[in-house]
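Okay, here's what each chain looks like letter by letter:
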Amino acid sequence: MVRSWFELSDYVTLRRVGGLRLSPDGARLVAPVSELKPDGKSYGTSLWEIDPSGAAEPRRLTRSAEGEGAPEFLPDGSLLFVSKRPDPTAEPGDAAADKPALWLLPAGGGEARRVASRPGGISSVAAARDAGTVLFTAEAMPGTSGAEADAEARKAREDAGVTAILHETAPIRYWDHDLGPAEPRLFAAAPPEDASAPLGEPRDLTPEPGAGLRFSSPAVTPDGRTAVAEWSVMGARGRRHSALVALDTATGERRTLAEDPEYDFSSPRISPDGRTVAVIRSYDGEPGTEPRSAALVLIDLETGERRDPIPGSEAWPREFAWAPDSAALYFTADDAGRAPVFRLDPATAEVTRLTGDDGAYSALQPAPDGTALYALRDSWDEPPTPVRLDPAAEGAEPVRLPAPDLPLDPPGRLTEVHATADDGTPIRSWLVLPAEASAESPAPLLLWVHGGPYASFNGWSWRWNPWLMAARGYAVLLPDPALSTGYGQDMLRRAWSTWGPRVFADVMAATDAAIARDDIDGTRTAMMGGSFGGYMANWIAGHTDRFKAIVTHASLWNLEAFVGATDVPPAWAAEFGHPDTSPERYRAASPHRGADDIRTPMLVVHGDKDYRVPIGEGLSLWWDLVRREVDAKFLYYPDENHWVLRPGNIKVWYETIWAFLDHHVLGKEWRRPELL
């Protein structure tokens, strides 16, 4: 059913598909789908079944106020998932009653039941394809052994009123939450023995992990005997790197498969024959020299022998999955504003592009008989949609599968804009146009700069959705300037360790190309950006007066102050060096040095729970604008993080931006949003 959805009251109610998981027999697809909770104040996730043939309508499998996620099939077709839903069979005083637990939905249907729980809750889950051995991650207090001791340690802190955390290594927080004092541990358990049994007694494979499993996503061999996981290792000067380790699921014996202080190894995927691990090997770069990069690497599980299956490739793999016969890998990578699916033959290094459309693909799920490849497809004119691909065809059209609240019909059209930067580099952009834009009725233009910055404007965004702007008459330009992925390493080298000047020149070239169109009104333009896009909003404000208004969200302002307060300081040291030894790089790239030249009205937006770009950046920017008497406003969220996630806050985000833009770009009277 096609529906009108771009009014805010409708938009926030849309269901959103967030992943795919295929059953071992290839007969069932399950998708986590987020939607408004009954109170309308937050989102929850439920599990839906998607028909792989496309014949049947989607069917909801789970329903609870707390929501469900992390679906994983057992060999018999029963479905594991994680949920905080209450367990009616729990004993009074159950220490894990309000924590995420592992639940099982029988293959033939019926009520879900809790099969495992821990006092610290359960997060990631993996199941062995053949043996059914279940891996899960759960946090436990340091020095404890067993669930009972863990629960006692937690209660002792609570009873004493202690919330303090003593850190001995970095990092201490991540995105929007504090890390510690509990540590993630990896557990292995046998599958349930019968229809009423829990998992077998979990074995703690990592009783003294420290921060080793933080940010890890373990995998397990089909026979269930070996787990493979990232393992965090602290190096010199606070630099953390991720090694790859293998653990015996019976004994917990750990051996290192791959480690190099210069690289991180992440996202392990074990081949169906159990012999090879595919991982992403990433490099953070070196200040002023080579930029960051990522590559697909294959590691022999027994010997640890490592090889690059695509030597010389500059494609950054986003995700990947093994073909059922272990003879090929499917992977996605950014490519000129798209993220196609590729098939790699590791024996010959031959790479074949399977999709030739404008889509960005994810959640790859190969059918066990090799006849189909399921995925999510999205693009700027289509939200994430389950599709079926032919893994043997090149450039075949994806077959869309029925999913909740899809398809959506955009209120306008999508095209591309091509420009040439001052150094001769081609700069391409997506351009979202309102339906009525024409030479007779040109649309005002909003320039958006993406975050990252090592990313690409290549797919649908629920947070920054240009169609909500198009429905109000604005065109939205989405450029991929220097530092964007999908254009080769030279695109990164152009602005590596310098950022502002080069990216500024690129986005100005893209803007010039857009306003040269007869359906764009170049006299009515504004600029918006979040995270790195917010950094560029601040840089642009200090270097040109061409825009009528600028919106800067979760933005970087004073780089020297920022680097020590963010949750990931080493990432900055890898690109700019340390402020005490390379202050000139920070100062040359810092937007705050252009504060005296800002004349453009600015809307500053920041969340207090943002640990990636801490609130101090927004506060400093706001004060610098106020004391220079710039026409500015500050939309402050005490309980939001780097993003704005609550439905009510999403609404006032758009309403405030519309009011600000309508006032400064369209000349309308300023109207303060009702609830503000």
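Above this text you will find the structure in question.
Residues numbered from 1 in each chain as written. Predicted model: local features only at pLDDT ≥ 70, side-chain atom pairs only at ≥ 80, totals over all residues. Heavy atoms only, no water.

A. Local environment of the sheet that holds strand β17 (residues 226-234). In space, the four strands of this open sheet follow the order β16-β17-β18-β19, with antiparallel pairing throughout. The open sheet has two edge strands with one neighbour each: β16 (219-220) and β19 (254-258). (Pairing = 2+ DSSP bridges. Helix = DSSP H or I, 4+ residues; strand = E, 2+ residues; numbered from the N terminus.)

B. The pattern of salt bridges, seen in detail. Under the definition given, this model contains 42 salt bridges. As a salt-bridge pair, E382 and R400 come within 2.7 Å of each other at their nearest N and O atoms. Residue E382 is found in strand β30 (residues 382-389), and its partner R400 is found in strand β31 (residues 399-400); the two are separated by 18 residues along the sequence. Its relative accessible area of 40% is what places R400 among the partly exposed residues. Salt bridges here are not isolated pairs; linked through shared partners, they connect R338, D358, E416, R428 and D480. (Salt bridge = Lys/Arg side-chain N within 4 Å of Asp/Glu carboxyl O. Buried < 20%, exposed > 50% of the residue type's maximum accessible area, 1.4 Å probe, protein only.)

C. Representation of the sheet that holds strand β32 (residues 412-420). Strands sit in the order β32-β33-β35-β34-β36-β37-β38-β39 across an open sheet of eight strands; the sheet is mixed. In the strand order of this sheet, the two ends are held by β32 and β39 (632-637), each with one partner. Strand-to-strand twist in this sheet, taken as the mean axis angle between neighbours without regard to direction, amounts to 20°. Of the strand pairs in this sheet, strand β34 (residues 443-449) and strand β36 (residues 520-530) are connected by seven bridges, and their pairing is parallel. Pairing of V449 across the sheet is with G529, part of β36. (Axes fitted to C-alpha atoms, helices over the stretch in contact; angles between N-to-C directions.)

D. Inspection of the packing of aromatic side chains at higher detail. Per the stated rule, a full pass over the model turns up 29 aromatic pairs. Aromatic side chains W5 and F6 sit 5.6 Å apart centroid to centroid with 75° between the ring planes, which places their arrangement in the edge-to-face category. Relative to W653, the ring of W464 has its centre 5.1 Å away and its plane inclined at 70°; by these criteria the two rings are edge-to-face. One end of the pair, W464, is in the loop between β34 and α3 (466-470); the other, W653, is in helix α11 (residues 647-664), with 189 residues separating them in the sequence. Across this residue pair, the class does not change: W464 and W653 are buried. Grouped by ring-pair contacts, the aromatic residues W5, F6, Y11, W448, W460, W462, W464, W653, Y654 and W658 constitute a single cluster. Geometry around F547 places R546 over its ring, the cationic atom sitting 5.7 Å from the centre. (Phe/Tyr/Trp six-rings, centres within 6.5 Å; stacked < 30°, edge-to-face > 60°. Lys NZ or Arg CZ within 6 Å of the ring centre and 35° of its normal.)

E. Fine view of the side chain of H241. Within the secondary structure layout, H241 lies in strand β18 (residues 240-248). A polar atom in the side chain of H241 sits 2.9 Å from the side chain of E259. (Polar contact = N/O pair within 3.5 Å; in protein donor to acceptor, adjacent residues only side chain to side chain.)

F. Representation of the packing of helix α5 (residues 500-515) against helix α6 (residues 532-541) in the model. One can describe the packing of α5 onto α6 by two numbers: an axis separation of 10 Å at closest approach and a directional angle of 85°. Compared by their axis directions, α5 and α6 come out roughly perpendicular. The segment α5 lies against α6, with G500, P501, V503, F504, V507 and M508 engaging F532, Y535, M536, W539 and I540. Residues belonging to the contact of α5 with α6 are distributed by class as follows: 10 nonpolar, one polar and no charged. (Parallel < 35°, antiparallel > 145°, perpendicular 65-115°, else oblique. Contact = heavy atoms within 4.5 Å. Nonpolar A, V, L, I, M, F, W, Y, C, P; charged D, E, K, R; others polar.)

G. Highlighting the nonpolar core. L447, W499, Y535, M536 and I540 are the most contacted members of the largest nonpolar core, which has 69 residues in total. The leading source of residues in this core is α6, at seven residues. If we ignore the near neighbours within four places in the chain, the residues touching L447 are L477, P479, V507, M508, T511, A526, M527, M528, I540 and F547. One finds V33, Y374, Y654 and V665 within the second-largest nonpolar core, a separate group that totals 56 residues. (Core = buried A, V, L, I, M, F, W, Y, C linked by side-chain atoms within 4.5 Å.)

H. Structural context of the pairing of strand β3 (residues 29-36). The buried fraction of β3 is high, at seven of eight residues. Where strand β2 (residues 21-22) meets β3, two bridges bridge the pair, whose relative direction is antiparallel. Along β3, the bridge assignment pairs L22 with L29. Direction of pairing for β3 relative to strand β4 (residues 43-50): antiparallel, over a ladder of eight bridges. Residue pairing in the sheet places L36 in a bridge with Y43 of β4. Taken together, β3 and the strand that follows it, β4, pair antiparallel across an intervening segment of six residues, in which G40 is found at a positive phi of about 70°.

I. View of the side chain of D378. Mapped onto the elements of the fold, D378 is located in strand β29 (residues 373-379). Side-chain polar atoms of D378 contact the backbone nitrogen of W460, separated by 2.8 Å. Excluding residues that lie within four positions of it along the chain, D378 makes contacts with G359, A360, P383, P384, G459 and W460.

J. Geometry of the environment of E305. The residue E305 is located in the loop between β22 (293-300) and β23 (306-307) in this model. For E305 and T276, which are 29 residues apart along the polypeptide, the C-alpha to C-alpha distance reads 9.6 Å. Among residues more than four places away in sequence, those in contact with E305 are L298, I299 and D300.

K. Local environment of unusual backbone geometry. A cis amide bond links A170 with the next residue in sequence, P171, at an omega value of 0°. For the peptide bond that leads from G180 to P181, omega is 0°, which places it in the cis range. Residue placement: P181 occurs in the loop between β13 (177-178) and β14 (183-189). Phi angles above zero are rare outside glycine, and F215 is one such case at about 70°. Classification of F215 as partly exposed rests on a relative accessible area of 32%. Backbone geometry at S267 places phi at a positive 55°, although glycine is not the residue there. If you trace the backbone, S267 turns up in strand β20 (residues 263-270).

L. View of the pairing of β19. Bridging between β18 and β19 involves four bridges; their strand directions are antiparallel. Across the sheet, residue V245 finds its bridge partner in β19, namely T256. Connecting β18 to the next strand, β19, in antiparallel fashion are five residues, including G252 with a positive phi near 80°.

M. Seen up close, α11. With 18 residues, α11 should cover 26 Å at 1.5 Å per step; its first-to-last C-alpha distance of 26 Å lies within 8% of that length. Where burial is concerned, most of α11 is hidden: 14 out of the 18 residues are buried. (Expected span 1.5 Å × (residues − 1).)

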